[in-house]
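# Observations on the three-dimensional arrangement
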Amino acid sequence: MQIPVPKKAAKFEWNLNTVIQLITLAVMLIGGVTVWVNSRRDIDDLLKWRIAHETLHKERLAEVKAIEASYNERIRAGELRDNEFDRKLDNLTYRVTVAEQSAVTITSSIKDLQAGQNKQGGDIQVVKEILQRMEAAQRRGSN
């Protein structure tokens, strides 16, 4: 067997597989950079949206708290008015009860006065009859 003699240095030639692999590597690098840039942009957009969304929720929470405080104040004012009306109603109920009792007492007094007047009327009738008899007796005695 004979030792092969090195031939001249091989001329650098582009192999089709090498060219395809280099193009594929370049496309993959460009694609990777594109994906990385798009994902960074999407992440930045999501962070901005998140901040805006959290701000919106904070503002909405403040609005809801303000509305709730307003409703609570209105309810409190309504309860105060109700309490005032209840006090007035109790006072009026007491006054009506006192007026009814006074009316019953006055009615009773009027009945007593009527009974006394009727008795006096009867007594006056008796006195009148007595005076008429006395007068009639005096006339008879003076005649």
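Residues numbered from 1 in each chain as written. Predicted model: local features only at pLDDT ≥ 70, side-chain atom pairs only at ≥ 80, totals over all residues. Heavy atoms only, no water.

A count of helical and extended segments in the protein gives one helix and zero strands. For 143 residues, the compact-globule formula gives about 15 Å, and the C-alpha radius of gyration of the protein, at 61 Å, lies well above that figure. The principal-axis extent of the C-alpha atoms belonging to the protein is close to 210 × 30 × 20 Å. Within the protein, buried positions represent 1% of all 143 residues. Summed over all atoms, the accessible surface of the protein reaches about 13,900 Å², with 61% contributed by carbon and sulfur. Across the protein, the centroid of the 22 positively charged side chains sits 5 Å from that of the 19 negatively charged ones. (Helix = DSSP H or I, 4+ residues; strand = E, 2+ residues; numbered from the N terminus. Rg over C-alpha atoms; globule rule 2.2 N^0.38 Å. Buried < 20%, exposed > 50% of the residue type's maximum accessible area, 1.4 Å probe, protein only. Areas by Shrake-Rupley, 256 points an atom, 1.4 Å probe, with all protein chains shown as cover. Lys, Arg positive; Asp, Glu negative; His and termini not counted. Charge placed at Lys NZ, Arg CZ, Asp CG, Glu CD.)

This paragraph deals with the pattern of salt bridges. Tallied over the entire structure, the rule returns seven salt bridges. Linking Glu54 and Arg50 is a salt bridge whose minimum nitrogen-to-oxygen distance equals 3.3 Å. Pair noted here: Glu54 and Arg50 are both in helix α1 (residues 16-142), with a separation of four residues, about one helical turn. Judged by relative accessible area, which is 48%, Arg50 ranks as partly exposed. Measuring nitrogen to oxygen at the nearest pair gives 2.9 Å for the salt bridge that ties Glu73 to Arg76. Of this pair, Glu73 and Arg76 both sit in helix α1, separated by three residues, roughly a single helical turn. The class for Glu73 is partly exposed, based on a relative accessible area of 46%. (Salt bridge = Lys/Arg side-chain N within 4 Å of Asp/Glu carboxyl O.)

This part covers a negative patch on the surface. A cluster of like negative charges, contributed by Glu79, Asp82, Asp86 and Asp90, occupies part of the molecular surface. Secondary-structure assignment places Glu79 in helix α1. Here Glu79 falls in the partly exposed class, since its relative accessible area comes to 47%. (Patch = residues over 30% accessible without salt bridge, like charges linked within 9 Å, V, L, I, M, F, W, Y side chains within 5 Å.)

Take a nonpolar patch on the surface next. On the surface, a nonpolar cluster with roughly 440 Å² of combined accessible area is contributed by Val126, Val127, Ile130, Leu131 and Met134. Within the secondary structure layout, Val127 lies in helix α1.

Okay, the environment of Gln125 next. By the secondary structure assignment, Gln125 is in helix α1. The partly exposed category is assigned to Gln125, whose relative accessible area is 41%.

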